[in-house]
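Spelled out from the first residue to the last, the chains are:
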Amino acid sequence: MTARDSLSPGLSLSKRRARSAMWFLTPMLAALFFVAAWPLLRTIYFSFTDTTLTNLYTGKWVGFDNYLSFRQLSSGRVIWRGTLADMSWWNAVWNTVRFTALSVSIEAVLGIGVALVLHKEFVGRGLVRAAILIPWAIPTIVSARMWGWMLNDQFGIINDILLNVGLISAPIAWTASTETAMTAVLIVDVWKTTPFMALLCLAGLQMIPKDIYEAAKIDGVHPLKVFFKITLPLMRPALMVAIIFRALDALRVFDLVYVLTPNSKATKTMSVIARENLIDFDKFSYGAAQSTLLFAIIAVFVAAYVWIGRVDLGGGSK
Amino acid sequence: MTRKNLAKDFGFFLIVALIVIVSVFPFYYAIITSFKTGTSLFEVDYFPTSLDLANYIEVLSSQNFVRSIFNSVLIASVTVAFAMFLAVTASYALARVRFRGRSTLLLTILGVSMFPQIAVLAGLFELIRFMGVFNTPWAMILSYTIFTLPFTVWVLTTFMRDLPMEIEEAAIVDGAKPWQIIAFVFLPLLWPALVTTGLLAFISAWNEFLFALTFTASDTQRTVPVAIAMLSGSSEFETPWGVIMAASVVVTVPLILLVLLFQRKIVAGLTAGGVKG
């Protein structure tokens, strides 16, 4: 009998390792079940009941009533109820989708731009990289308040600059007016998260071997063509991952909208309206239905993105 | 030729300058504003005009605000420590041991980190009420685990996977048990990665808003972001902008210093989750 056999007879080394791996994983998986899976299941359950905030345990099963139900009046008129017949919900869906599409595409373009600049060698590059980390480091709530002040209609510096340059003739109530509220939110979001996009793109750029560029230079290929035929395709994997991270953040956006443009119909997102119903309006189960829908939308989006874009999220884990 | 190059260099310089100004200006403007009081607040100045510390004195003498800083430090530290503790062993198993379903498990963990927080809000609310920790720091410590833990596991796993097989082999041959391998072989090598992930997880816990807003009810239990969001005057027209900016500067300066100090590590950590993963 060798020493190894005496430790746990009949098991090979790799089996033994796999068994201890299980023990190492259990606490982490238990914690995740406790704070993620269980609450999610409860939210979904609540969405099929008439639970209220004050009485969490007396809710009755109501089926799909929180999602969609109808009742026929004696006059023959049909009344639809539930989130799916709620105009304010669809308004929030539209706001979220619009916000996500616009912010992520602007950030992708600007992020690539900034990454290209930072990829060049120049004096003070380290300082510039430090500077772009500042918006990223500032808490979202703080940036919402800072920009809320800068975008103030009467005393804001943005209006002052635009008036001085002559781009506008009268001050704009950026955050209060329904026409500009979304623009205000977009400005702050782009300012805050372009650095993240830029850093991920930069990491992608740095993985492209330099000799490809030298070959292109020798062949006299136009820089624009180099960008579209070499740089962009080669940094695509990094870009795709950056875009999905950002898109998921944008789809669940809450804090920025809640603080910068409180109660504005033009910016209220799915997360904002769901929390409003859950906590503020005491329509707990109705809010749970909206949360569940948001979760479903995000799940479908991720699946579609990974499938269509063939993004390798688990890259290297094989 | 040289003239063309000069124009090109100048254009590049302009772009760089624009990037720096746009990045830094809002914070610079917040600092200028924080030193202003009274009517001077309502004059737009591009350069510092006064150095009045009144706003800072008001912020730092407010008991609730100081308390909220203390709350945030406590919550973020405990959350990060807890996540690290669970993540080190878990990512060893995920990175170094082959077993069936490993990639599925990794993808699930990544999926949890992308969870929309609102989807678990109702369930967490019930759980927190059930455990009797509503309106205490534990409510946040518990709920923040949903994003700090998957993130830490993910980054540490990518880091450990890149370490060569040989470092473990000697220990295995010597008959070391897995926990000994983690404690004596990997932990010393992991320090840089632990600092990076710890810092990033700390920042995300420090900045969290939705859970902190929902799971606290009294002013003494607020975290910093909620306290700042709730700073307001008696009416819409009396928003105390100077005080808000001073509070913002107070909680942001340490963060910015940390980020600049650990710049390289942070960039490496941010991209490890994205590009390599």
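Colleague: What exactly am I supposed to notice about the overall build of chain B here?
Modeller: The number of helices and strands found in chain B is twelve helices and zero strands. Scanning chain B from its N terminus toward the C terminus, one meets helices and strands in the order α-α-α-α-α-α-α-α-α-α-α-α. Scaling as 2.2 N^0.38, a compact globule of 277 residues should have a C-alpha radius of gyration of about 19 Å, whereas chain B reaches 24 Å, well beyond that. Taken along its principal axes, the extent of the C-alpha atoms in chain B is 75 × 75 × 30 Å. In chain B, buried positions account for 46% of the 277 residues. Expressed as a percentage of contacts within chain B between residues at least 6 apart in sequence, the contacts between residues at least 24 apart total 76%.

Colleague: Can you help me understand the overall build of chain A in this one?
Modeller: Each helix and strand in chain A was counted, giving twelve helices and two strands. Its helices and strands taken in sequence order, chain A reads α-α-β-β-α-α-α-α-α-α-α-α-α-α from the N to the C terminus. Radius of gyration (C-alpha) of chain A: 26 Å, far over the 20 Å computed for a compact globule of 318 residues. Taking the principal axes of the C-alpha coordinates as reference, chain A spans close to 90 × 80 × 35 Å. Taken across its 318 residues, chain A has 40% of its residues classed as buried.

Colleague: It is not clear to me how the interface of chain B and chain A should be interpreted in this structure. Could you clarify?
Modeller: When the parts of a complex come together, some accessible area is lost, and that lost area is often used as the size of the interface. Taken together, the contact pairs 76 residues of chain B with 80 residues of chain A. Broken down by class, the residue content of the side of chain B that touches chain A amounts to 54 nonpolar, 17 polar and five charged.

Colleague: Please clarify how unusual backbone geometry should be interpreted in this entry.
Modeller: Trans peptide bonds make up the majority, and among non-glycine residues the majority have a negative phi. A positive phi angle is found at Asn263(A), which is not glycine, with a value near 60°. Here Asn263(A) shows up in the loop between α10 (255–260) and α11 (270–280). You can call Asn263(A) exposed: it has 9 C-beta atoms within 10 Å. Non-glycine residue Asn135(B) carries a positive phi angle of around 65°.

Colleague: Teacher, can you tell me more about the confidence of the model for chain B here?
Modeller: Where the model shows low pLDDT, its predicted coordinates should not be examined in detail. Averaged over all residues, the pLDDT of chain B is 87; the fraction at 70 or higher stands at 96%. Complex prediction metrics read pTM 0.89 and ipTM 0.89.

Colleague: Looking at this model, I keep getting lost on helix α7 (residues 181–206) of chain A. Mind explaining?
Modeller: Side chains of residues three or four places apart in an α-helix project in the same direction, reflecting 3.6 residues per turn. All names here are of chain A. Here α7 is 26 residues long and its end C-alpha atoms lie 38 Å apart, about the 38 Å a rise of 1.5 Å per residue gives. Most pronounced at Thr193, the bend in α7 amounts to some 40°, and the proline Pro195 follows within four residues. Across the 26 residues of α7, 20 count as buried, placing the element largely inside the fold.

Colleague: What is the right way to look at the environment of Asn5(B) in this model?
Modeller: Residues and elements named next belong to chain B. Note on placement: Asn5 falls in helix α1 (residues 2–34). Taking the C-beta count within 10 Å as the criterion, Asn5 has 9 such neighbours and is therefore assigned exposed. Through-space distance from the C-alpha of Asn5 to that of Ala81 is 53 Å; in sequence the pair is 76 residues apart.

Colleague: Is there a simple way to think about the domain arrangement of chain A in this case?
Modeller: One can read the domain layout of chain A as domain 1 (3–36) and domain 2 (87–143 + 177–309). Taking the mean C-alpha position of each, domain 1 of chain A and domain 2 of chain A sit 39 Å from one another.

Colleague: Got a minute to help me understand the environment of Val190(A) in this structure?
Modeller: Residue and element names in this part refer to chain A. Within the fold, Val190 resides in helix α7. Classification of Val190 by C-beta neighbours within 10 Å gives buried; the count is 20. Placed 79 residues apart in sequence, Val190 and Gly111 show a C-alpha to C-alpha distance of 9.6 Å. Not counting chain neighbours up to four residues away, the residues in contact with Val190 comprise Ser103, Ile106, Glu107 and Leu110.

Colleague: Can you help me understand the pairing of strand β1 (residues 69–72) of chain A in this one?
Modeller: Two faces make up the sheet, and in a regular strand the side chains alternate between them. Residues and elements named next belong to chain A. As judged from the four bridges shared by β1 and strand β2 (residues 78–81), these two strands associate in the antiparallel manner. Across the sheet, Gln72 pairs through a bridge with Val78, a residue of β2. Between the end of β1 and the start of β2, which pair antiparallel, lie five residues, with Gly76 showing a positive phi angle near 95°.

Cut-offs and rules
Every residue gets a number counted from 1 within its own chain, in the order that chain's sequence is written. Ligands are numbered from 1 and chains lettered from A, in the order in which they are written. Selection of residues for local features in this predicted model requires a pLDDT of at least 70, selection of side-chain atom pairs for listing and counting requires 80 or more, and totals for whole chains, interfaces and linings are taken over all residues. The helix count covers DSSP runs of H or I at least four residues long, the strand count covers runs of E at least two residues long, and both are numbered beginning at the N terminus. We compute the radius of gyration from the C-alpha atoms alone; for a globule the expected value is 2.2 Å times N to the 0.38, where N is the number of residues. Counting other C-beta atoms within 10 Å of a residue's own tells you its class, since 20 or more makes it buried, 12 or fewer makes it exposed, and anything in between is partly exposed; those C-beta atoms are placed from the backbone. We call two residues in contact whenever the C-beta atoms placed from their backbones are within 7 Å. As a working rule, the residues Ala, Val, Leu, Ile, Met, Phe, Trp, Tyr, Cys and Pro are called nonpolar, Asp, Glu, Lys and Arg charged, and the rest polar, with Gly in that last group. For every residue, the predictor states its confidence as a pLDDT score lying anywhere from 0 to 100. Multiplying one less than the number of residues by 1.5 Å gives the expected span of a helix. The quantity called bend is, for any residue, the angle between two axes fitted respectively to the seven residues ending at it and the seven beginning at it. Source of the domain bounds: an automatic or database domain assignment. DSSP bridges decide pairing: two strands pair if at least two such bridges lie between them.

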